[in-house]
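# Breakdown of the fold
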Amino acid sequence: MDFPATQPKPTADGKIIYYPPGVKEITDKITNDEVVKRLKMVVKTFMDMDQDSEDEKQQYLPLALHLASEFFLRNPNKDVRLLVACCLADIFRIYAPEAPYTSHDKLKDIFLFITRQLKGLEDTKSPQFNRYFYLLENLAWVKSYNICFELEDCNEIFIQLFRTLFSVINNSHNQKVQMHMLDLMSSIIMEGDGVTQELLDSILINLIPAHKNLNKQAFDLAKVLLKRTVQTIEPCIANFFNQVLVLGKSSVSDLSEHVFDLIQELFAIDPHLLLSVMPQLEFKLKSNDGEERLAVVRLLAKLFGSKDSDLATQNRPLWQCFLGRFNDIHVPVRLESVKFASHCLMNHPDLAKDLTEYLKVRSHDPEEAIRHDVIVTIITAGKRDLSLVNDQLLGFVRERTLDKRWRVRKEAMMGLAQLYKKYCLHAEAGKDAAEKVSWIKDKLLHIYYQNSIDDKLLVEKIFAQYLVPHNLETEERMKCLYYLYASLDPNAVKALNEMWKCQNMLRSHVRELLDLHKQPTSEANSAAMFGKLMTIAKNLPDPGKAQDFVKKFNQVLGDDEKLRSQLELLISPTCSCKQADICVREIARKLANPKQPTNPFLEMVKFLLERIAPVHIDSEAISALVKLMNKSIEGTADDEEEGVSPDTAIRAGLELLKVLSFTHPTSFHSAETYESLLQCLRMEDDKVAEAAIQIFRNTGHKIETDLPQIRSTLIPILHQKAKRGTPHQAKQAVHCIHAIFSNKEVQLAQIFEPLSRSLNADVPEQLITPLVSLGHISMLAPDQFASPMKSVVANFIVKDLLMNDRSTGEKNGKLWSPDEEVSPEVLAKVQAIKLLVRWLLGMKNNQSKSANSTLRLLSAMLVSEGDLTEQKRISKSDMSRLRLAAGSAIMKLAQEPCYHEIITPEQFQLCALVINDECYQVRQIFAQKLHKALVKLLLPLEYMAIFALCAKDPVKERRAHARQCLLKNISIRREYIKQNPMANEKLLSLLPEYVVPYMIHLLAHDPDFTKPQDVDQLRDVKEQSAANRGSEQTQQFAQQFTQKGARRDLRFCSLWCMFPQV
């Protein structure tokens, strides 16, 4: 390069400044534009120089020093400052490794000056951006800032540089800009002696959520910088967290309050950045401060739960310590731990085993919110992928369906319903997943047995929306119902049947209410309407509030005839599912108030409408069900594919139709449906034929007039079943004839006469069906058959059958045998006893004294323990059957007032003692029959006292069952009195308190109570009397009764002593 031609100018210290050729002296005497023009030429000169140009380096050394003067560093013109900065950057490059500036203060000023110029990088559209980029590139390539390590206060420069670069980075910068920034900063971190806290703060502040959201590029830059310098910067990070977390020195940094946010971000960037920090978190998890533990739990929940985290496997001690927080004494900590489990199950299925035991404990947590969140956690993971939750976790949800809190129960039930719909109904994860949750349908329906109306309503809602979605097309909906019913367990089937029964009963109540609206206003009408409204309110959530809403709805019905018409259509037997949907929406629309977003009254009415609306079953639905059953019969259905055998599907389908025939009889009235049922009658399966007959009985009222062809085919089949079918078929056939045919007397006579003539006690196996048919015929048509039956009873039933033992029973010592092992003769005798009862129940009078004779016969059978002839030819198990039959027969006769009056105290005592029979099955079955009759209020009050005798039962479960039955009966009687004002006229026969005298009578005449002074006997009696004191009112009545008169009898006095506080 040629030496400059311009005249050199001396500096203040006498050194001569040489400018590049063509460049005149740069002083404060010239304009800014001229300064810029001359500096551009200087910049060009320094850009072209390299480190090997020793002569030029020496020549331009004074110029280099001059460019660092105050004139340039403090120049107000940004273009001048930029050009000077570019020159200085090149000077550091050219003179490297030794800078021409020896003063530390000057170096500091220069680098702070250069740092300030880097702010120009922010505007990528600036005409000068390329020069700013050149400046950055030059500084990064030469690592010029490393010179500052020699300065005592270099940290100030580095902090300013880092802050500047993080502030200017934005989304308009390309990859090269970011790379040069990273090179510049990483060289400072990696080649320095350490990173001060202030410098670390300048990096970490960009990770705080508030800053991260403001400048995403700064966050990304800090993220990459930390990754690049992880080995160098990790000790500095560890020291920072140690100062804050362990030593509690929050003053060391302005970021102290953000430590948990920083840990989360650093862990996401590179877990190695926190190698020394994690043990500090374990220390914090054991803090005495609940809020501090909560903050750490929230942090670790994010670290352990993040998708790509392997922290739980890499740091087992910390994981185990974290799991311990599931049992924390602080409720929010436990709650946060449970919430974490959902993300963990979804992102780390391998940790499910560790979580299961802790979730099990929390599913029984005393806090409702925690139990609720355990369910949410498990269900959320299950809905994402069923394989994420094991059977044990699903079991926790199953348990919570019986939680004491409604909110928890509801969440558990709805969660299980959603899983069932997703994996069973829609089969989103295949057969294995469907099999895994197949139990859900049974469990949900079992909840219908709960007493709470809220539970019942939720089960109905779940059934309509999840088990058998009502919005499906008819064929699809019925297919869903058909196979659901076929796969339910017996208890779930009973629950579903009960659900339909309750809905049908509520429809009847609403229908009766509408009928009352059609009648003239009167006091009696108003009282009846009030009672009906109270009954309807009991079938809605929160019956107390519901009463007011139901009254209001009733008032609206009275004022709005169109609304009544809509409701009448909704509960009409001919209402289709589509019509029901329209009616519900129309009624809701009329009652809606646009000005009232939340309308409790409307919500309550919707509950009522949802319960009574026939959203599943109509004529079209029954037709679809029948077609499905036909396909099963023909073998063309998808039975095996749906997981049920064809036989099971057919039998379940008939049972389903039988149940629906009670609730929706009108929907069955079609030739196609009845043709299919006739086909079922011809099948060999006895259960199928029996169900088909019962469907005809429930639905066939118009067959005779509307479908003569079906009638002509049905009659001979019913005759055949009544004569030679199974006992159950015979019963249903007789009842069917009586229910649907106008000439029933002729039809029944055609059955009665040949059967009564063909009775032969020597062939007992052929007697059972005829006895059943004859008994039901005489009960249904007593005027026609009571007299002919009397001779049959006297000459055959009593003398020939009951008073003779033709066969010898097996002497095996068993007290009970299965039905198939009972001898035909004993089965015939049992049916003979039932025939006697049915005959008497049909007559409903004792003019001929036949009832007295029958009661004496039954009593004799009980006294002889079932061996009426006392020839000891029948077995113990057969005797048990006959005792049960005799006791049940007396109890059945007691349900008819005219016979109850003639039952003597001794006969009542004998009947009651059957509940203490030596055979467990006799006690069990008799108690069930007793309870069933009492809850229906069919038996007189004194029969409730029989349960007191169960206190002596050796089986704990039987004693518990008896107490439950007793409490249930007390509850039912009180509720009946409350709901029926007319019941006040017969309180003596209804109030449970009045059972006490009968109980005392039974206990006093108990055969085992022989010595009033015997302490053991008195203790037994005390237990029995305690078993029957079901309420405070009962105890008070017992005190009054015993005080007034019971003391006159020694036995009564002994019993009186059993009552406390008397």
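Bear in mind the structure is a predicted one, so any value in this text is a computation, not a measurement.

## Overview of the overall build of the protein chain
The number of helices and strands found in the protein chain is 54 helices and 2 strands. For 1062 residues, the compact-globule estimate of 2.2 N^0.38 gives 31 Å, and the C-alpha radius of gyration of the protein chain, at 47 Å, exceeds that figure by more than 25%. Structurally, the protein chain occupies a C-alpha span of about 155 × 75 × 65 Å along its principal axes. Side chains of the protein chain give 134 positive and 135 negative charges; the mean places of these two sets differ by 7 Å.

## A look at the nonpolar core
Grouped together as the largest cluster of nonpolar side chains are 316 residues, with contacts concentrated most on L88, Y145 and F241. A per-element tally of this core places helix α5 (residues 78-95) first, with 13 residues. In this structure, Y145 is in contact with F111, I114, T115, L118, L139, I157, F158, L161, L184 and I188, ignoring residues within four places of it in sequence. The next biggest cluster of nonpolar side chains, apart from the first, holds 34 residues, and it includes A537, V584, L602 and V605.

## Here we look at helix α44 (residues 824-843)
For an α-helix, 3.6 residues make a turn, and residues three or four places apart therefore share a direction. Taking 1.5 Å per residue as the helical rise, α44 with its 20 residues ought to reach 28 Å, and the 29 Å between its terminal C-alpha atoms agrees with that figure. Where burial is concerned, most of α44 is hidden: 17 out of the 20 residues are buried. Of the residues trailing α44, K844 is marked for its positive phi of about 55°.

## A word on the packing of helix α27 (residues 474-487) against helix α35 (residues 646-663)
Two numbers describe a pair of packed helices, the interaxial angle and the distance between the axes. Their axes nearest at 9 Å, the elements α27 and α35 cross at an angle of 105°. Between α27 and α35, the interaxial angle falls into the category roughly perpendicular. Two secondary-structure elements touch here, α27 through L481, Y482, Y485 and A486 and α35 through T648, A649, I650, A652, G653, E655, L656 and V659. Tallied by class, residues from the contact of α27 with α35 come to 9 nonpolar, 2 polar and 1 charged.

## Looking at unusual backbone geometry
Of note in this structure, K143 is not a glycine but carries a positive phi near 60°. Turning to its location among the elements, K143 is positioned in the loop between α7 (129-142) and α8 (154-168). Phi is positive for K844, close to 55°, though the residue is something other than glycine. With respect to the element layout, K844 can be found in the loop between α44 and α45 (850-863).

## Here's the deal with the layout of surface pockets
If you add up the space inside the second largest pocket, you get close to 1,000 Å³. Looking at the second largest pocket, it is lined by 42 residues, and the ones nearest its centre are A464, Q465, H470, E610 and V615. Of all the secondary structure elements, the ones that give two or more residues to the lining of the second largest pocket are α23 (406-425), α26 (453-467), α27, α28 (490-518), α32 (577-591) and α33 (600-612). For the lining of the second largest pocket, the element with the highest residue contribution is α26, accounting for 8 residues. Classifying every residue of the lining of the second largest pocket by side-chain character gives 18 nonpolar, 8 polar and 16 charged.

## Focus: the confidence of the model for the protein chain
In this model, the protein chain carries an average pLDDT of 85, and 93% of its residues clear a pLDDT of 70 or more. Within the protein chain, the lowest mean pLDDT, 40, falls on helix α54 (residues 1050-1056), and the highest, 95, falls on helix α25 (residues 440-446). A low-confidence stretch, residues 1037-1062 stays under pLDDT 50, and its non-local contacts, those more than four residues away or across chains, total 50 contacts.

## Examining a negative patch on the surface
Where like charges cluster on the molecular surface, the negative patch consists of E473, E475, E476 and E620. Relative to the helices and strands, E475 is located in helix α27. A relative accessible area of 61% means that E475 is categorised as exposed.

## Quick look at the packing of aromatic side chains
Where two aromatic rings form a pair, the distance of their centres and the angle of their planes describe that pair. Inspection of every chain in the model, using the stated rule, returns 17 aromatic pairs. Ring centres 4.9 Å apart and planes at 45° place the aromatic pair F240 and F241 in the tilted group. With a relative accessible area of 0%, F240 lands in the buried category. A centroid spacing of 4.8 Å and a plane angle of 90° characterise the contact between F322 and F340, whose relative ring orientation is edge-to-face. Taken as a pair, F322 in helix α18 (residues 316-323) and F340 in helix α19 (residues 331-347) lie far apart in primary sequence, 18 residues in all. You can call F322 buried: its relative accessible area is 0%. When its relative accessible area of 3% is taken as the criterion, F340 is described as buried. Three or more aromatic residues joined by ring pairs form one cluster here, namely F304, W319, F322, F326, F340 and Y358. Just above the ring of F219 sits the side chain of K212; from NZ or CZ to the centre is 4.6 Å. One residue, K552, lies across the ring of F601, its end atom 4.4 Å from the ring centre.

## Some points on the state of the cysteines
Note on terminology: a disulfide is the covalent bond linking the sulfur atoms of two cysteines. Applying the stated criterion across every chain yields a total of 0 disulfides. The thiol of C898 is not disulfide-bonded; the next cysteine sulfur, from C911, is found 16 Å away.

## Examining the environment of F322
The spatial distance from the C-alpha of F322 to the C-alpha of E435 is 35 Å, given a sequence separation of 113 residues. Discounting residues that sit within four places of it in the chain, F322 has contacts with L285, V297, L300, A301, F304 and F340.

## Some words on the pattern of salt bridges
Scanning the model with the defined rule gives 42 salt bridges in all. For the salt bridge of R228 with D183, the shortest nitrogen-to-oxygen distance reads 2.7 Å. In this pair, R228 is assigned in helix α12 (residues 216-228) and D183 in helix α9 (residues 175-191), connecting sequence segments 45 residues apart. With a relative accessible area of 32%, R228 lands in the partly exposed category. The salt bridge partner of R585 is D581, with a shortest N-O separation of 3.2 Å.

## Topic: a nonpolar patch on the surface
A cluster of nonpolar side chains, namely V246, L247 and F283, defines an oily patch on the protein surface of about 270 Å² accessible area. Note on placement: L247 falls in the loop between α13 (230-246) and α14 (259-269).

## Topic: helix α10 (residues 197-204)
Counting buried positions over the 8 residues of α10 gives 7, a clear majority of the element. Among the residues of α10, those classed as buried are Q197, L199, L200, D201, S202, I203 and L204. Residues of α10 that are buried make contact with α8, α9, α12, α13 and α14.

## Side note on the environment of A464
Here A464 shows up in helix α26. For A464, a relative accessible area of 13% puts it in the buried group. The spatial distance from the C-alpha of A464 to the C-alpha of V615 is 7.9 Å, given a sequence separation of 151 residues. If near-sequence neighbours (up to four positions away) are discounted, A464 is found in contact with P469, H470 and H616.

Cut-offs and rules
Each chain carries its own residue numbering, running from 1 in the written order of its sequence. Restriction of local features to residues with pLDDT of at least 70 applies here, the model being predicted, together with a cutoff of 80 or more for giving and counting side-chain atom pairs; totals for whole chains, interfaces and linings are based on all residues. Each side-chain value is derived from all of the structure's non-hydrogen atoms; neither hydrogens nor water enter the calculation. Secondary structure is summarised from DSSP: a helix means a run of H or I of at least four residues, a strand means a run of E of at least two, and numbering begins at the N terminus for each. Note that the radius of gyration is over C-alpha atoms, with the globule rule given as 2.2 Å times the number of residues to the power 0.38. As used throughout, the charge tally considers Lys and Arg to be positive and Asp and Glu to be negative, leaving His and the chain termini uncounted. Charged groups are reduced to one reference atom each: NZ for lysine, CZ for arginine, CG for aspartic acid, CD for glutamic acid. The set of buried Ala, Val, Leu, Ile, Met, Phe, Trp, Tyr and Cys residues whose side-chain atoms join them within 4.5 Å is what this entry labels a nonpolar core. Each residue is placed in one exposure class: buried if its accessible area under a 1.4 Å probe, protein chains only, is under 20% of its type's maximum, exposed if it is over 50%, and partly exposed if it falls in between. Here, two residues are considered to be in contact whenever any of their heavy atoms come within 4.5 Å of each other. Expected span of a helix, by definition, is 1.5 Å for each gap between consecutive residues, and there is one gap fewer than residues. For helices, the axis comes from a line fit to the C-alpha atoms of the stretch in contact; other axes are also lines fit to C-alpha atoms, and the angle between any two N-to-C directions lies between 0 and 180 degrees. Each angle is binned into one of four classes, with values under 35 degrees roughly parallel, values over 145 roughly antiparallel, values of 65 to 115 roughly perpendicular, and all other values oblique. Throughout, the ten residues Ala, Val, Leu, Ile, Met, Phe, Trp, Tyr, Cys and Pro are labelled nonpolar, Asp, Glu, Lys and Arg are labelled charged, and all others, Gly among them, are labelled polar. Whether a set of points on the 1 Å grid over the protein atoms alone is a cavity depends on a 1.4 Å probe fitting there but being unable to get out, while an open set qualifies as a pocket with protein on both sides within 12 Å along at least five of seven lines; lining residues are those with an atom within 4 Å of a point. Grid points are joined across faces, edges and corners, and a volume is the space filled by probe spheres set on the points. As a per-residue measure, pLDDT reflects the predictor's confidence and takes values from 0 up to 100. For patch building, the residue pool is restricted to those with more than 30% relative accessible area and no salt bridge; the joining distance is 9 Å between like charges and 5 Å between nonpolar side chains (Val, Leu, Ile, Met, Phe, Trp, Tyr). Residue-level accessible areas treat just the shown protein chains as cover; the underlying method is Shrake-Rupley with a 1.4 Å probe. A carboxyl oxygen of Asp or Glu within 4 Å of a side-chain nitrogen of Lys or Arg is what we treat as a salt bridge. Stacked, edge-to-face and tilted are the three classes for Phe, Tyr and Trp ring pairs, Trp counted by its six-membered ring, which pair at centre distances within 6.5 Å; planes under 30 degrees apart are stacked, over 60 edge-to-face, the rest tilted. Either the NZ atom of lysine or the CZ atom of arginine qualifies as a charge over a ring when it sits within 6 Å of the ring centre and within 35 degrees of the ring normal. Two cysteine sulfur atoms form a disulfide, by the criterion used here, when they sit within 2.5 Å.

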